[in-house]
Each structure stands twice: as structure tokens, then as C-alpha cells.
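In case you want the letters, here they are:
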Amino acid sequence: MPKNLFGTTEKSNFILNMKPAALQKLTGIMLMLCIIVPQIGNFFIAGLDGNSALLGTFLYLSGFGSILVFIIAMLKKEQTFKENPSYWLIIFMAVWAFASYYSVVLSANADFDPVFASELISTAMLGEYGRYEGLLSILAYFGIFLLATTVKNKKTITMLMDIAVGCGIIQGVIAVLQHIPNFDFLTDYADMRETLALRDVMLSSGLSDSPIFYGSFLTIVTGIAFSGAVFDKNLTRARIYGGAVWLFWLTGLFTSSIVPIIGIGCVTVITAIAVLLDRKKGGTKFENGLFKTAAARFLVLLGGIAVIFAVVFLVQGIYIRDRAIAYQDGFARLLIITGYVPNETASLYEIGFEKSMHLIKTDPIFGAGPDCMAKMLSLTEDLILNSLDRSYNEYLYVAATRGIPSAIAFAAFAVYVVRRGFVGLKGFVSDSSEWYRPAAAAAVAAYAVQAFFSASSVTVAPLFWLFCGIICAKSIDKAVK
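Treat the numbers as computed from the prediction; the structure is a model and nothing was measured.

Visitor: Explain unusual backbone geometry here, please?
Guide: Where the residue is not glycine, phi is negative for most of them; where a peptide bond is considered, it is trans in most cases. In this model, tyrosine 132 sits at a positive phi of 60°, which is unusual for a non-glycine residue. Position of tyrosine 132 relative to the elements: it lies in the loop between α5 (114-126) and α6 (135-148). Assessed through its relative accessible area of 10%, tyrosine 132 is described here as buried. If you check the backbone angles, asparagine 386 has positive phi at about 55° while not being a glycine. Relative to the elements of secondary structure, asparagine 386 occurs in the loop between α15 (381-384) and α16 (394-402).

In C-alpha cells:
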């Protein structure tokens, strides 16, 4: 007898009796939307001057849609908690994020006037204006991760990587146009008069809302593109991915941020390790194309990176302006922080550490509340000077806004995923066609490193959580035909 869901009529059979191949197709479509939908939201805001609240709205659609599809997979017993221990860390972080939110509700109603209390509670739920990384976004990230762990089909992974690199190329082209003097194309960082007293700096931010966040985005898509360009036997894909690597590096230098330099540098090192592992087993060879080995392709890409760096250095110089960018973003653009001091000598990361430690000491268990850093710092006269809404250290930020237990869980999660990514290289060594393994490992590990100098953002984080899920997918080897 066919099963019925919750004892209902046969109309519910499409869920419990869905074939594995159909469920995988649904999973692939949903994850594809998780990449594309936030990008559409970014475009509406940057290109059509849409309401920035779309950043959160589009994320909720894809994130909570992912949770629904994941529930279907669980009902069909496609996944179990025993099979994937990372689920326990996700549940802990979700529960603690809710506890942090509820802590804000209690303290706001008890300690503050009704107007500020309402703003604080709304921020903890929906996020700060222009950021939208409140409780709902955090849960949406977890949903994207959970669904990605159910992927079994290698073709689905390749499709998702193609889409991610394609979105990267689109943002890269936009980033080049943003850097053209006096063109004023979709940029909020053409001038930095408020923070550097400079005009026509023309910093690139793509559709990622900030040059720093764009650097984080470039880290992920370069991790994918580099491995695909080096190892994929499909010559067309390898050439497109190779060109993308150079485009990403070029526009990373146009950000004047240290983040893409650190991130893409880590990607290059991890890809080099994969090439060395590949050479130990004889090396991947190609029948078509000018460069017949993976090692040769890697050296060509590395040479191109060096040339691009030299040309940019000679033509315009290489600048690191992260502190000015952060205040241009939060103080001058979004108006969510106050008290900017232009002659401050401390670095962005020193300031972020100082402000974060104050919040951690104030409430080490639950923190200031999801996305409530700027709101809580505004309550103290000393801290309002050079206030920040981000720590620009993702691990420290989690501790400051969601408490030390949540930060420990996040760090443990990052270590677990990075370790699985490098362990997965064993599968790549035995079968070089599985280049998605070093690609995902490079993207996630490099992001984990640059996270010490950047911040989570709704324009980038969905990609990070998706590829973390791909790394943690235990059933990829049992591909659905």
C-alpha cells in the first residue's frame, strides 16, 4: 500500500513516495536558487535603487525554502543525525542564537525606553539596517547548509559551481566598470571624502555591498574557479574558469582591501597542495589544449596572477584602506554607526577587538544579540567614538553578539568542515575528475582564514554555508543516476 503523509489522502504521496532522483532534482533547484536569488536581490538594490530590505527578504525565501526541502529528505530518511554529526553543531548554534535573541527581548523590555526597546528587538530579529543579519538570516544560513548536506549527485555539485562562478564573472565585470574613473557605475565607493578626504578612488564592490564583503565573495568563487581551471578535462570550462581567476584577482586589487589578497592567496596555496598531491600519483594529463598537465595549467595561472599584480602596482599602486572602507560603509553610507574620528591611529582590527571585548565582557553568555553590536555600543559615550557595527573578525563578532558558547561552536564547526575538506582530497587523488573536492576545500578553508579580517554578510554568507554543506554531504559517492 502506498504511504500517506500523516495519514492523509493520497494527495500527500508526492512527498513520501517521491523517488530519490526527483528529490535530488528538487534539492538541486533549491540550492541553485540559494545562489541566484540573493544575487537578484543585490542587483535590484544596486542597479534599480530598490529597498535594501530585499537583501533579507530574498535570503529568507531561499533559506527557509531549503529548510522545507531538508525536512522532506528527513521524512524520507534520506539523512540522519547519526550519519552527519555536524547537524548537532548547527542545532546548538540555532538554539543559542534564539536564546541570544530572547535575552535581548528580556533586557530591552526591562532596561530601555519603549522606542529604543522596540528598535533593539527588531534589530535582533531582522538585523541592522542595510545588514539584515538578525536571527532570521542566521536560521536561513543553517537551512542552506542542511539542504546542501543532502546532495548525492556529482553533476548537481558541478552545476552549482558553474552558477557560482558565473555569478562571480557578472560581479567581476560590474567591478571593472565600477573602477573606471568618472563612469560612476553602480558604486557607493567612487569617493571617500568622509573617511579619507579622497575623490575618484573608484573602489570595486561588485554587488556585494562593500569592497571588504566583495573580497570575501571573491575568495569563495576563486577557490572554485582555480581548481576547475587546473583539473577539469572540459576545455571550455577550464578556459572560462581560468579567465575568471584572473578577473577575480584583478578586481580584488581594485577593492583596496586586504581581504581578497589574503583569501585568494590562501586559495592559491591550497590549489598548489592539490597539484602536488596530483603529481604524486602521476599527474592529470589532458588530450586537448595547449597545456597538457594540471601542473602546467597551474603555473600559467600563477604567472598571470603575478603579471596582473605587477601591472596594477605600476599603473595605480596597491592600497590597503580597510578602516576607511568600513567607516565609509557603516558611517557615511548606511548611517548606522556614529562618532567617526578621522585622525584615529588604531587599525580597523584593533578598534574591532576593543569594541567586541567590551560586549563580550558585558554578556559573555548571550552577547549583545544578533546584529545588535552598533545599537549596544551607542549606549556608552566612550564607546560611541569610532563605533562599529561589525568586529571585522567573524569569530570575534559571533562571540560579541551571540556569546562565547556560540563562538566556540562556530569555530568547532569551521574546523570540522575544513578538516573534512582536506580529508576529501583523498577522493580527488584517486579520481582527478572529482576536482570539486579541492575546489570546495579551497573555497571554504580560504574563507575561514579571511574571516579573521572580514565579516559575514547576507551578500556572501549563503555561498559559504552552501559549500560547507557540500563538503559535509556524506552520500556524494552514491551518486543518483
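Visitor: How should α5 be read in this particular structure?
Guide: An α-helical segment advances 3.6 residues per turn. Residues three or four places apart therefore align on the same side. Along its 13 residues, α5 runs 18 Å from first to last C-alpha, staying within 8% of the 18 Å computed at 1.5 Å per residue. All of the buried residues in α5 are Phe116, Ala117, Leu120, Ile121, Thr123 and Ala124. For α5, the angular spread of buried residues about the axis comes to 160°, placing them on one side. Those residues of α5 that are exposed and angled more than 90 degrees off the buried face are Pro114 and Val115. Buried residues along α5 sit against α4 (86-111), α6 and α14 (373-377). For α5, the capping residue at the N-terminal end is aspartate 113, with a side-chain oxygen 3.1 Å from the backbone nitrogen of valine 115.

Visitor: Please clarify how a nonpolar patch on the surface should be interpreted in this entry.
Guide: A surface patch of nonpolar side chains, amounting to about 620 Å² of accessible area, comprises Val307, Phe309, Val311, Phe313, Leu314 and Val315. Structurally, valine 311 can be placed in helix α11 (residues 294-315).

Visitor: It is not clear to me how the state of the cysteines should be interpreted in this structure. Could you clarify?
Guide: What makes a disulfide is a covalent bond joining the sulfur atoms belonging to two cysteines. Going through the model one piece at a time under the given rule, you end up with zero disulfides. Note on cysteine 167: no disulfide assigned, nearest cysteine sulfur contributed by cysteine 34 at a separation of 12 Å. On the basis of relative accessible area, cysteine 167 is assigned to the buried category, the value being 11%. There is no disulfide at cysteine 468, and the cysteine sulfur nearest it, in cysteine 472, is 6.7 Å away. Judged by relative accessible area, cysteine 468 falls into the buried class, the value being 1%.

Visitor: Is there a simple way to think about the packing of helix α8 (residues 211-231) against helix α9 (residues 235-253) in this case?
Guide: Helices that pack against each other are described as a pair by the angle of their axes relative to one another and the distance between those axes. Where α8 meets α9, the closest approach of the two axes is 8 Å, and the angle between their N-to-C directions is 150°. Taken together, the axes of α8 and α9 are roughly antiparallel relative to one another. Handedness of the crossing formed by α8 with α9: left-handed. Taking contact as the criterion, the partners of Tyr214, Leu218, Val221, Thr222, Ile224, Ala225, Phe226, Gly228 and Ala229 in α8 are, on α9, Ala238, Tyr241, Gly242, Ala244, Val245, Phe248, Thr251 and Gly252.

Visitor: Help me out: how do you make sense of the pattern of salt bridges in this one?
Guide: Pairing between side chains of opposite charge can happen when their charged atoms approach one another. Tallied over the entire structure, the rule returns 15 salt bridges. One salt-bridge network, in which partners are shared between bridges, spans Arg131, Glu133, Asp188, Asp209, Asp329, Arg333, Asp371, Asp389 and Arg390.

Visitor: What exactly am I supposed to notice about the environment of arginine 279 here?
Guide: Following the sequence through the fold, arginine 279 ends up in helix α10 (residues 258-280). Among the residues examined, arginine 279 registers a relative accessible area of 55% and is labelled exposed. When the C-alpha positions of arginine 279 and glutamate 381 are compared, they lie 59 Å apart, and in sequence the two are 102 residues distant.

Visitor: Hey, could you run me through the side chain of asparagine 386 in this one?
Guide: For asparagine 386, a relative accessible area of 5% puts it in the buried group. Of note is the side chain of asparagine 386, whose polar atom sits 3.0 Å from the backbone nitrogen of valine 341. Contact partners of asparagine 386, with chain neighbours within four places excluded, come to Tyr327, Thr338, Gly339, Tyr340, Val341, Glu344, Ile351 and Lys355.

Parameters at a glance
Residues numbered from 1 in each chain as written. Predicted model: local features only at pLDDT ≥ 70, side-chain atom pairs only at ≥ 80, totals over all residues. Heavy atoms only, no water. Helix = DSSP H or I, 4+ residues; strand = E, 2+ residues; numbered from the N terminus. Buried < 20%, exposed > 50% of the residue type's maximum accessible area, 1.4 Å probe, protein only. Expected span 1.5 Å × (residues − 1). Arc of directions from axis to C-beta. Contact = heavy atoms within 4.5 Å. Polar contact = N/O pair within 3.5 Å; in protein donor to acceptor, adjacent residues only side chain to side chain. Patch = residues over 30% accessible without salt bridge, like charges linked within 9 Å, V, L, I, M, F, W, Y side chains within 5 Å. Areas by Shrake-Rupley, 256 points an atom, 1.4 Å probe, with all protein chains shown as cover. Salt bridge = Lys/Arg side-chain N within 4 Å of Asp/Glu carboxyl O. Disulfide = S-S within 2.5 Å. Axes fitted to C-alpha atoms, helices over the stretch in contact; angles between N-to-C directions. Parallel < 35°, antiparallel > 145°, perpendicular 65-115°, else oblique. Left-handed = near helix turned anticlockwise from the far one by under 90°.

The quantities given are spatial measurements derived from coordinates; they are silent on function.
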